[in-house]
Amino acid sequence: MCLLCVSSVMAQDGFDYKIFTDEPINFNGILGQDQDVQRYQAGRIVYKKVEVPDFPNGTDVIIKLKVVSNGDRWDKSGSCFVVSHPDQISMIDVSKGEKNFPEASFVGEKYPGIMATENYKPVIEILRFMTPFGVGHFSNDKKTYRKPVYIPKWENEVVWERDISHLLDIVDNTFYVGVWIDSWTEEGYKVDLSLSYSNRPNKVVKVKPLVNTISYVNGQALPDFFPVTDVLQNFTFAKKAKNVKLHYITTGHGGHSGGDEFVKIKNTVQINNDVVLDVKPWRNDCASFRRFNPTSGVWLRKDSAAYIDFESRKYKVKEIEERIASSDISRSNWCPGSAVDPMVIELGDMESGNHTLKIDIEATKANKDKLNHWLVSAYLTYED
């Protein structure tokens, strides 16, 4: 097995590292060709050891992720992540059955691996995303009645690019990077993942993992605990930290009408008992992603439309039936086919010693029809 677990290409102004190429992510489906890729959760997670040069003067870092359906027609949650402290207990060790999550990482009694402890750090998300309905595999469907008149064609893929230069501290030298998609089909998806380093001098900041509620390991329960308990996380700075920023990623889930996916729910975040974020995370631009969603369910809704009657030269109103796609509907901070960017809260300088993070979400209790849950992750960046 090679030590250099990515293929690299020298570019004029930096380096491009191709980590995954057409890598399958599925549930008990086909395997990829890359022998260095590790798979867990029956193939719903892939990860890989990566070695890149050290950038002592900093650099810009760009992540690029492409997702194509390989036959899964649904919208699914996805996460690209880095194991930031492989020398400690990690989700890799737990996935292999070699170690257990520390007791202090639990929320309540049945939700392990969520909070950072002295010897365990949850993975850091470098990109949260949501797959569209069927992009790629179903994009060549010749049934023209499926496609609205306002889009020229179905897209064959969805690609996200983001600047993650603030995370250089965890994506240089040697690290583990992975992708999880919540697919339960044998067909699943295929992904391409690359990281680009400009080699242009840039400020380097430290990164401190705090919380991640995503179930990356078999046996982790669906994170549906917010209706009954908050997340209270302690963290420490050994010395005064400057320009501290909290990066908070949140999405609400729970299908069907009335589920937290389709209801505005308040998220309140406190640092040392001071409210630093009080928001109802929401996306109302989901119709702009329609071209990525060929297999989205569609409903007909009666509406009225104004048109010009050329004989009378006046506007008239007529009742029509308008189709509404599931992918058009507003959601709790995500759309099918969108990335989910962190909310960044500037905390200023923080003294050495102990501090607390509290996350309170007014979530709805899960039931058989609505599996309400919130995928939340948080980390800090700061300067020494």
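Enquirer: Mind showing me how you'd approach the packing of aromatic side chains here?
Expert: The way to describe two aromatic rings as a pair is by their centre distance and the angle between their planes. Inspection of every chain in the model, using the stated rule, returns 15 aromatic pairs. Taking the centre distance of 5.8 Å and the plane angle of 85° together, the rings of F235 and F237 count as edge-to-face. On the accessibility criterion, F237 (3% relative accessible area) is buried. Put simply, the rings of F15, Y17, F55 and Y197 touch in pairs and so form one group of aromatic residues. We note R44 situated over the ring of W184; from NZ or CZ to the ring centre the distance is 3.8 Å. Between the NZ or CZ atom of R331 and the centre of the ring of W334, over which it lies, the distance is 5.1 Å.

Enquirer: Whenever I open this one, empty space enclosed by the protein confuses me. Can you help?
Expert: If a probe as big as a water molecule is rolled over the atoms, it shows which places are left empty. Within this structure, the stated rule accounts for one cavity of 30 Å³ or more. Each pocket or cavity is described by its volume, and for the largest cavity that value is around 60 Å³. M91, F101, G113, Y120, P122, V123, N212, I214, Y216, V217 and Q220 together form the lining of the largest cavity. When the residues that make up the lining of the largest cavity are grouped by side-chain class, the tally is eight nonpolar, three polar and no charged.

Enquirer: Whenever I open this one, the sheet that holds strand β18 (residues 339-340) confuses me. Can you help?
Expert: The pairing of strands in a sheet happens through backbone hydrogen bonds and is either parallel or antiparallel. Strand order in the open sheet formed by six strands is β3-β4-β9-β6-β7-β18, with antiparallel pairing between adjacent strands. Each having just a single partner strand, β3 (38-40) and β18 make up the two edges of the open sheet. Note that strand β4 (residues 45-51) and strand β9 (residues 174-181) share seven bridges and pair antiparallel. Paired with E51 across the two strands is T174, which belongs to β9.

Enquirer: Is there a simple way to explain the pairing of strand β21 (residues 373-383) in this structure?
Expert: Both faces of the sheet carry side chains from a regular strand, because those side chains alternate between them. Burial of β21 is extensive: 11 of the 11 residues sit out of reach of the surface. Of the two faces of β21, the one carrying H373, L375, S377, Y379, T381 and E383 and the one carrying W374, V376, A378, L380 and Y382 are both buried. Both strand β13 (residues 241-253) and β21 contribute to a ladder of 10 bridges, which runs antiparallel. Pairing of I249 across the sheet is with S377, part of β21.

Enquirer: Sorry if this is basic, but what is going on with the layout of surface pockets here?
Expert: Reported here for the largest pocket is a volume of approximately 1100 Å³. Lining the largest pocket we find 40 residues, and of these D75, K76, D182, G255 and E261 sit closest to its centre. Tallied by class, the residues present in the lining of the largest pocket amount to 17 nonpolar, 16 polar and seven charged.

Enquirer: Hey, could you run me through a nonpolar patch on the surface in this one?
Expert: Together, I308, F310 and Y315 make up an exposed nonpolar region whose accessible area comes to about 410 Å². Relative to the assigned elements, Y315 resides in strand β17 (residues 314-325). Under the relative-accessibility criterion, Y315 is labelled exposed at 66%.

Enquirer: Quick question: what am I supposed to make of the sheet that holds strand β15 (residues 274-279) here?
Expert: Taken in spatial order, the four strands make up an open sheet running β12-β20-β14-β15, and their pairing is antiparallel. In the strand order of this sheet, the two ends are held by β12 (231-237) and β15, each with one partner. Put simply, the sheet's adjacent strands are angled 15° from each other on average, direction ignored. Of the strand pairs in this sheet, strand β14 (residues 267-271) and strand β20 (residues 353-361) are connected by five bridges, and their pairing is antiparallel. The residue of β20 that forms the bridge with T268 is D360.

Enquirer: Sorry, what's going on with unusual backbone geometry here?
Expert: Apart from glycine, the bulk of residues carry a negative phi angle, and the bulk of peptide bonds sit in the trans form. The backbone of N243 shows a phi angle near 50°, a positive value even though the residue is not glycine. Structurally, N243 is set in strand β13.

Enquirer: How should I be thinking about the nonpolar core in this particular structure?
Expert: Across soluble globular proteins, nonpolar side chains show a tendency to be buried alongside one another. By size, the foremost hydrophobic cluster in this structure holds 44 residues, and its most contacted members are F175, V177, V179, L193 and Y197. Where this core is concerned, the elements lending two or more residues are β2 (14-25), β4, β5 (61-69), β6 (77-83), β7 (124-130), β8 (158-163), β9 and β10 (189-197).

Enquirer: Sorry, what's going on with the environment of G252 here?
Expert: Mapped onto the elements of the fold, G252 is located in strand β13. Overall, the relative accessible area of 0% leaves G252 in the buried class. Sequence separation between G252 and T131 is 121 residues; the distance between their C-alpha atoms is 15 Å. If we skip the residues at most four places from it in the chain, G252 touches D260, E261, S332, W334, H373 and W374.

Enquirer: Please explain the pattern of salt bridges as it appears in this structure.
Expert: A pair can form between side chains of opposite charge whenever their charged atoms are brought close. Within this structure, the stated rule accounts for 18 salt bridges. For R128, the salt bridge is made with E125, and the minimal N-O distance between the two is 2.7 Å. By the burial criterion, R128 is buried, and E125 matches it. Across the pair R162 and D341 runs a salt bridge whose closest N-O atoms are separated by 2.7 Å.

Calculation rules
Throughout this description, residue numbers start from 1 for each chain and increase along the sequence as written. The predicted origin of the model limits local features to residues at a pLDDT of at least 70 and limits the giving and counting of side-chain atom pairs to 80 or more, whereas totals for whole chains, interfaces and linings rest on all residues. The basis for every side-chain value is the complete set of non-hydrogen atoms in the structure, without hydrogens or water. Pairing of aromatic side chains here covers Phe, Tyr and the six-membered ring of Trp, requires ring centres within 6.5 Å, and sorts the geometry by plane angle: under 30 degrees stacked, over 60 edge-to-face, intermediate tilted. The classification of residues rests on relative accessible area computed with a 1.4 Å probe and restricted to protein chains. Under 20% of the type maximum is buried, over 50% is exposed, and intermediate values are partly exposed. Think of it as a cone above the ring: NZ of Lys or CZ of Arg counts as a charge over the ring if it is within 6 Å of the ring centre and within 35 degrees of the ring normal. As defined here, a cavity is a set of points on a 1 Å grid over the protein atoms alone where a 1.4 Å probe fits but cannot get out. A pocket is an open set with protein on both sides within 12 Å along at least five of seven lines, and residues line them when an atom is within 4 Å of a point. Grid points are joined across faces, edges and corners, and a volume is the space filled by probe spheres set on the points. All residues other than Ala, Val, Leu, Ile, Met, Phe, Trp, Tyr, Cys, Pro, Asp, Glu, Lys and Arg, Gly among them, are scored as polar; the first ten of these are nonpolar and the last four charged. Between any two strands, pairing holds if DSSP finds at least two bridges. A run of DSSP states H or I qualifies as a helix once it reaches four residues; a run of E qualifies as a strand once it reaches two. Both are numbered from the N-terminal end. Here, patches come from residues exposed beyond 30% relative accessible area and free of salt bridges, joined within 9 Å for like charges and within 5 Å for nonpolar side chains (Val, Leu, Ile, Met, Phe, Trp, Tyr). Where accessible areas are quoted, they stem from the Shrake-Rupley method and a 1.4 Å probe; at the residue level, only the protein chains shown are allowed to cover. Any carboxyl oxygen of Asp or Glu within 4 Å of a side-chain nitrogen of Lys or Arg constitutes a salt bridge here. Fitted lines through C-alpha atoms serve as axes, helices being fitted only where they are in contact, and the angles separating the N-to-C directions of these axes extend from 0 to 180 degrees. In this text, buried Ala, Val, Leu, Ile, Met, Phe, Trp, Tyr and Cys residues form a nonpolar core when linked through side-chain atoms within 4.5 Å. It only takes one pair of heavy atoms within 4.5 Å for two residues to be counted as in contact.

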